[in-house]
Each structure stands twice: as C-alpha cells, then as structure tokens.
Amino acid sequence: MKPRPLVFLSAFFFTCGLGPVRAANDGFETGLRGWRDLWTREPGRGALTLDRSTAHGGSVSVKIEHHGQRDWSFEPTDRQAVKPGDIFRLEAWVKADMGEGSVTLCATLLDEKGEAVDWSHGSRTTTRTAGWRRLESRFVIPEGVARMTPRMIGMGPLTVWLDDFKFEREGSLADLRPPDLPEALSVSNAALQVSLRTRDATLSVLDRRTGVTTTQVVDSRECLLTGASIESGAIRFKLLAIESGRDLAGIIGLDPERAEFTVEIKGEGSLDAPLHFPQPFHSRKGEYLVVPMNEGISYPVDDDSIHPMKLIAYGGHGICMAFWGVTDGGRGRMAILETPDDAAIELRRIDGLLDIRPEWQAQRGQFGYARRLRYVFFDRGGHVAIAKRYREHARKTGLFKTLAEKRKKNPNVDRLIGAVNVWCWDRDSVEIVTEMQAAGIDRILWSNRQSPEKLAVLNALGVLTSRYDIYQDVMDPANFPRLHGVHGDWTTAAWPKDIVIDRAGAWLHGWGVKGKEGEWFHCGVICDKRAPDYALARIGEELKTHSYRCRFIDTTTAAPWHECYSPEHPMTRTESKRWKMELLRQVSETHKLVTGCETGHDASVPFLHYFEGMMSLGPYRVPDAGRDMARIWTEVPERVAKFQLGHRYRLPLWELVYHDCVVAQWYWGDYNNKLPALWNKRDQFNALYATPPMFMFNRGQWRENRERFIRSYHDTCSTVRRVGYSEMTDHRFLTDDRDVQQSRFANGVTVTVNFDDKARELPDGSTMGAGVIKVVDR
C-alpha cells in the first residue's frame, strides 16, 4: 500500500474572529459586581468577603470561609450562550488553607429549557495548597447544551482565596478540523482489519475469523485528530488534546500474525487533566465485563445495578492486574495496559450499557513517557482465554515467579501451602494451637505476634509463625498526649522529614485515629523511598530475639503508588512502585521470611508468597471492615451477598493467572466466620479456587464453634494442599445460571461446586446435590 501524506494541524486555539468571552471583573478589583452571593447547602455555614491583604494579581481577592461539611457554590450572574463544539477555557488562581475540604473550578451546562445537563463539567479540584495555585480547564461543549455558567464549588470545611478568574471561547471543533483528511485509514492481517476513522478518532475492528465488526464510542470532547498516514504497515496519527491544548503523536501497530494490535501515544509538557484515549468499544447485550478487581469480577453490561466507577491500575484498591476484558462467554476482547503506573480504567454507561475506557494520568504533572495499550481479540475462550493471555504477558514482563521457585530459596514456603490463616487475640496461643492440631487442623499460619518463648514452641509444632507490621503510617509525636495509645509499629523517626509531600506542598494524610476528646488525628504517609531503611533496621533487630518464619506487611500493595514532591526525596509513581517492591524484597529475600501483604497487586508477585485480601472484593466488604475486624455479623448486607459472595458475578481471574505463584486469602475484616450465614459459601469459594480459609476468633469463639472450624478446614485445605503448586488451567460454568461451577488444575485435579440450595442436573446427565463440593483426581 502506498503511504499517504501526513496531514498535520498545529495545536493552536483560534478565536475565529468572535473574540474571547470573559467574566466581568475577573480580578475583583472593583468589588463583586457581576457575581452572585455565596450559596451553601447548609445555611449560614459560609461567608464571602473581599480581602485587600491577600491577592494573586492586583490588590484584592475574594475570600470564602466555609465551615459546613457539605457543598457550596460561587458563580457569575450571567449565563453564557454556547454552541455544541465550542471550545472554552476556564482559569482561576486559588489559595486554600485551614480545613479538610476541597475547591473545584468547573462549569454548569444547561439545555434550551435552562435545565442542568452537567453541574460540574470540566472540573479541576484541589485541597489545601502551599500558596497560590492555578486551576485551568479546557473543554468542548457537548450536544444538547445551549448555555454555560462557570463557577467555583467546594465541599467541606475550608478557607479559600480566589483571584484572576476568567473564561474565554478559544474556537470550535469545526474550525480546527483539517478538511483534507481521508475518511479512514486501515491496516490488516489474516485475523483483523483495524481502521482509524479520522472524523472522530475512533477505531473499528473487523475480526475476519468471525465476521464481527466492533466499533468505538464517539466522544469528540477530549481529542481531535489533526493528521494521519500509513507508514511501514502502521497507522501514524496526530491528536490535539483539547483539555490541555497539547499536540500528541500516536501509532497503531498491528501484530503481523496474531489478532492483536497496540496503540501508543506520546506527548510533551504538562498534563493538567487525565487523558482518555482510545475511546471504549461499544458493548453488546449478552456480554459481560471482565475486571481484575482483587480476585476478579464480571459485570453484565446491561445490569443496571452496577454503578460507574474508576479503578486505578497502580494500587491494590483498583485493578490488581493491568487489563480488562469483554466477552459473551466465547468471543471477546481485552486490553492490556502495558504502561500501567500512571493509568486507570473507567467503567461508564453509554446508551444503557456498561463499557470501559483507559485513563492516562500525569507523571508528576507532565505527560512524561509514551503510553501504550494492547488490544487482543478472541474468537473463543471467554474469560479464561483473557486471563491466560495476561499470564503470557506476565511471564514476558518479569512478573511471573512460581511458589515452587520461591520454595527453593525458602523451604518454609511449604508450610504456607494448605495452611489456614489464623488471627487470634488470645494470649495462650500454644494451648489453642495444640487443640487445633489435635482436631486435625495441622497446617496453621499463626498471624498474631508472640513472645520468643512461645515462638519457639509454635515453631516446634510446625506452625508458620508470623506477625503484623507496617511501613506506611507515622503519627506526629506532638499528638501522642491526646491519643488513647501509641501504635507500636508507627515509625516515629520518619516524622516529618520522610513523609510524602503532595503537589500542593501539603503532607499526605494516611490512617486516622480518634483522640481522647473525640477529635481525629491523621498519620502522615512515609515516602516509599525511605521505608526500606526503616524495615531493614526494625526486622533485623527483632529477628535476633524472635524466631518468626513469616511476616505480614500491611498496606504496601493496597495503597497506591504515591508521587512525592519533597525536594529531599522526590518520587514518581514508577519510583514509588520500585521502592515498595524493594521493601518487600528485603523482607522475603534479605530476611528470608515468608511474606504477605494486604489486598495485593501483581507488581509484587516476584517478591511475595501470599496476599490477605485478594479473595475479598474491596468495594463489597462489610462496613468498616478494616477497623471493626472482630465483629461477627449476624445480618448480611445486600451488597455483600450479591457481589462479595455472589457466584454469578465473581471470577477467579487471579487464580487463572497466578494461582501457582501467590496464595490468595480473604481480608482480615472479611474472613470465613465473619458472617456465619455465608460461612458455607466462603468455604465453597475456597475449594473452587483452591485457596485457604481465614479464621478470626478468641478462645470462647473457638470452643463454641469448634466443629464448624474443623469442617471448614477439611472442606478446603486438603484441596489447597493438593494443587497449591499447580496452575489453574480452566474455570467453567456448568449451568447457564452459573450455580454450578468447575475449576481444573494442571496436575489433573478437578473441583466442582454446586452453589445452589437444591440438587442440579449437570451437562453429562449426572446430578449434584445442594451445596456439594466435589474433588476428583485424574
């Protein structure tokens, strides 16, 4: 194919002869003429004044003092007439202090009838700032909008100064679109034909194997295609990122043989707002989203009970593996985030159906490195094929290391395989362990710290001895007298020199603690660059007297990779990830401890042996699970039953990728006996996924429910022991309603579970009893 000439339009915004439209009196030098009074959701909780002692430009600013917990608004009196496709820029300088609230620059969009279409379009938000900070937003007016009101809004208690507020029209999409671009450009191989539509910068993919064409959602509000050509079998293109006014360059590269292609975009300069490109592919009824949230979940695209959400790719409370997928159970597609450190995914609802699009976030305020996404199309295999393609990616990128390999370096890893994780607060651990082992619970991970003497006895009994530890939160020692107690694992020496400083110059707030007078005090967050040194010293010294074989490190993989703006220890998210992994490497390799962490993320697979929380889906735990761990729930919250223990939603994505690499467990506030009404179902999931249970109890609870604990252990741990080092090769729904499911492992073991409360007929004509767990060796 002859290369087409590249057509390129510089990213310069024109006013097209109409002139900018500006807010009257945007510097407030002559007072508040042209502005409405301050509105607060809670009457009387805010005040607005002119401050002549503080200004960004000129000699005066607006000062807003808000003392309520809810929202407030400050806006001009006039509503600006606009047209779909108009490009507007908002700008304001703010200084925020003295409160925990936030302030947002945005616009309210109205239709012809004056009804709100969007209350906070193009929003830019900040919390407390170190001095003045510029907020800027650039956006396109969407269809159905006739008027716009720029405004400042806020939430919660905060004192904020506002100055140099302006908005202006900078052109329209119609003015900026090159007239001589071809309608579309295409590349193809034996499996796929990939086309780029130049009018709306969307992709269309024809799967030649199935004859199905999949197109993307049209959303012209963020990117305008300004040039495109075909060179050396790849589509090269230019984009204008409307919100930032930046030129971007991209390339679509089709794999010569596989049903895969990559999209890569590059840019320079600042990235003030996240970039969403490419747009999501249209979903179809009958499909379900495949989302690696913790262990994994599926969302039917037409299920209106699922709310839109954003999930970061750089921390355990997001997606724990860098992909997402869509399938009808056979055919499907996936996207792999090959540059996940500053990325997220957005679940949205378009025309009543859920879809997913990528979000590229700034690297310390800059576009930074090239961002890359890989699309893979499947003609069969469903969610299993999606997971197995990611397993291949994990091997290729160095994320893959098996438990068998880890056992060679630390034989104590074998004590983890098939061991129940026990959190028990009783002081006499030896007596309870002896009772458990006498009852046949012979493989135990004892997670609560012990004295040197008891550790020696437990180790002799074959227990994997562990204790809780953390290298994230540090409390200001000046607050100690006002607290009920001081946590023994707070790294007080880190305050204040080694804590994370955010972009606004404020220290990052971590775990909150209620004081003696009922007030809350927040810890700072230790910069990940500094954490390994503190861990090396603490653990090394303790192991001289305490013979632990294991250690649980809280929050490291649950918390996001942090950016730090401290001049002494600046850090990108990529560097944060590197230092987090170095901390875990020290624990597992330098100190030779079996190592666990909270929630989980696959960046840590080479360094860890287990995750507390991977089995628990973060958004669907019981309320306050992280603080009120010991509470036993006698009533089941709806979202817990529907999603957390919902066999029609859950998928074992983590097991299909990493079962033979890391042991997955429930969260410590979401354990097997947490909700007795769902205890059986948790055991069923543990058996099906071949993951061990977790118990939390005191002496009284152990003895009261002794037989139930024993049954839970035997229903699960014998299977885990059989297949603990084996790959999960398959997962199937044996009935259309997903009530009967089956998993297969590389060593020939098959586990079938009937989640239904009645007997079910299987495809082979056999019948399976209600609630039965069936394990078969090859």
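As shown above, the structure is provided for reference.
In this text the structure is predicted, and so the values were computed from the model without any measurement.

### Focus on the sheet that holds strand 13 (residues 192-197)
Sheet strands line up and pair through hydrogen bonds in the backbone, either parallel or antiparallel. What the 4 strands build is an open sheet, ordered 12-13-14-15; its pairing is antiparallel. In this open sheet, the two edge strands, each paired with only one partner strand, are strand 12 (184-188) and strand 15 (212-215). The average angle at which neighbouring strand axes cross in this sheet is 15°, direction not considered. Pairing geometry for strand 13 and strand 14 (residues 202-207), over 6 bridges, is antiparallel. Across the sheet, the residue bridging to Leu192 is Asp207, located in strand 14.

### What about helix 11 (residues 679-689)?
Along helix 11, 10 of the 11 residues are buried, which leaves the element largely enclosed by surrounding structure. Against the buried residues of helix 11 lie helix 10 (653-658), helix 13 (706-723), strand 40 (728-733), strand 41 (740-745), strand 42 (750-754) and strand 45 (773-776). Ala690 occupies a position one or two residues after helix 11 and carries a positive phi of about 55°.

### Regarding the packing of aromatic side chains
Counting across every chain of the model gives 30 aromatic pairs. A network of ring pairs unites the aromatic residues Trp423, Trp425, Tyr468, Phe552 and Trp668 as a single cluster. Directly above the ring of Tyr725 sits Arg407, whose terminal nitrogen or CZ lies 4.2 Å from the centroid. A cation over a ring is seen here: Arg650 above Phe685, with NZ or CZ 5.0 Å from the ring centre.

### Notes on the pattern of salt bridges
Overall, the coordinates contain 69 salt bridges when judged by the stated rule. One salt bridge connects Arg389 with Glu392, and the closest N-O pair in it is separated by 3.9 Å. Taken together, the residues Arg389 and Glu392, both in helix 2 (residues 382-396) and 3 residues apart, mark about one turn of the helix. Take Arg389: its relative accessible area is 10%, and that puts it in the buried class. A relative accessible area of 35% places Glu392 in the partly exposed class. The residue Arg467 makes a salt bridge to Asp489 at a minimum N-O spacing of 2.9 Å. Here the residue Arg467 occupies a position in the loop between strand 30 (464-465) and strand 31 (468-470), and Asp489 occupies one in the loop between strand 32 (473-474) and strand 33 (509-514), the gap between them amounting to 22 residues. This pair shows no difference in class: Arg467 is buried, exactly as Asp489 is. Salt bridges sharing partners connect three or more residues here, namely Arg258, Glu260, Glu264, Lys266, Glu338, Arg372, Arg374, Arg389 and Glu392.

### Digging into the side chain of Asp341
Along the chain, Asp341 falls in the loop between strand 24 (332-337) and strand 25 (343-350). Its relative accessible area of 8% is what places Asp341 among the buried residues. A distance of 2.8 Å separates the side chain of Asp341 from the side chain of Thr574, its partner in a polar contact. Of note is the side chain of Asp341, whose polar atom sits 3.0 Å from the side chain of Lys577. Ignoring sequence-local partners within four residues, the contact set of Asp341 consists of Tyr314, Tyr369, Trp561, Arg573, Thr574 and Lys577.

### Looking at the packing of helix 11 against helix 13
Pairs of packed helices are described in terms of their axes, by the angle between the two and the distance that separates them. In the contact formed by helix 11 and helix 13, the axes pass within 8 Å of each other and the chain directions differ by 15°. When the interaxial angle is binned, helix 11 and helix 13 end up roughly parallel. Relative to helix 13, helix 11 is oriented so that their crossing is right-handed. Contacts between helix 11 and helix 13 involve Trp679, Asn680, Asp683, Asn686 and Ala687 from the former and Arg708, Phe709, Arg711, Ser712, Asp715, Thr716 and Thr719 from the latter. Of the residues contributing to the contact of helix 11 with helix 13, the split by class is 3 nonpolar, 5 polar and 4 charged.

### Overview of the nonpolar core
Judged by nonpolar contacts, the single largest core of 155 residues is most densely connected at Phe261, Tyr299 and Tyr658. Ranked by residues supplied to this core, first place goes to helix 2 with 6 residues. If sequence neighbours within four positions are ignored, Tyr658 has contacts with Met321, Tyr390, Arg391, Ala394, Leu399, Phe400, Asp602 and Val605. With 29 residues, the next largest nonpolar core counts Leu38, Phe74, Leu105 and Ala107 among its residues.

### Points about the sheet that holds strand 22 (residues 309-312)
Reading across from one edge, 22-25-26 is the order of the 3 strands in this open sheet, with antiparallel pairing throughout. Every interior strand has two partners, whereas the edge strands, strand 22 and strand 26 (353-360), have only one. The mean inter-strand angle of the sheet, taken between neighbouring strand axes irrespective of direction, is 25°. Sheet analysis places strand 22 next to strand 25, joined by 4 bridges and oriented antiparallel. Residue pairing across strands places Leu311 opposite Ile345, the latter belonging to strand 25.

### Notes on helix 2
Compared with the 21 Å implied by 1.5 Å per residue over 15 residues, the 22 Å span of helix 2 between its first and last C-alpha is a close match. By the criterion of burial, helix 2 is predominantly enclosed, with 12 of the 15 residues buried. Where helix 2 is concerned, the buried positions are Gly382, His383, Val384, Ala385, Ile386, Ala387, Lys388, Arg389, Tyr390, Arg391, His393 and Ala394. Gly398 occupies a position one or two residues after helix 2 and carries a positive phi of about 85°.

Cut-offs used in this document
- Residues numbered from 1 in each chain as written.
- Predicted model: local features only at pLDDT ≥ 70, side-chain atom pairs only at ≥ 80, totals over all residues.
- Heavy atoms only, no water.
- Pairing = 2+ DSSP bridges.
- Helix = DSSP H or I, 4+ residues; strand = E, 2+ residues; numbered from the N terminus.
- Axes fitted to C-alpha atoms, helices over the stretch in contact; angles between N-to-C directions.
- Buried < 20%, exposed > 50% of the residue type's maximum accessible area, 1.4 Å probe, protein only.
- Contact = heavy atoms within 4.5 Å.
- Phe/Tyr/Trp six-rings, centres within 6.5 Å; stacked < 30°, edge-to-face > 60°.
- Lys NZ or Arg CZ within 6 Å of the ring centre and 35° of its normal.
- Salt bridge = Lys/Arg side-chain N within 4 Å of Asp/Glu carboxyl O.
- Polar contact = N/O pair within 3.5 Å; in protein donor to acceptor, adjacent residues only side chain to side chain.
- Parallel < 35°, antiparallel > 145°, perpendicular 65-115°, else oblique.
- Left-handed = near helix turned anticlockwise from the far one by under 90°.
- Nonpolar A, V, L, I, M, F, W, Y, C, P; charged D, E, K, R; others polar.
- Core = buried A, V, L, I, M, F, W, Y, C linked by side-chain atoms within 4.5 Å.
- Expected span 1.5 Å × (residues − 1).

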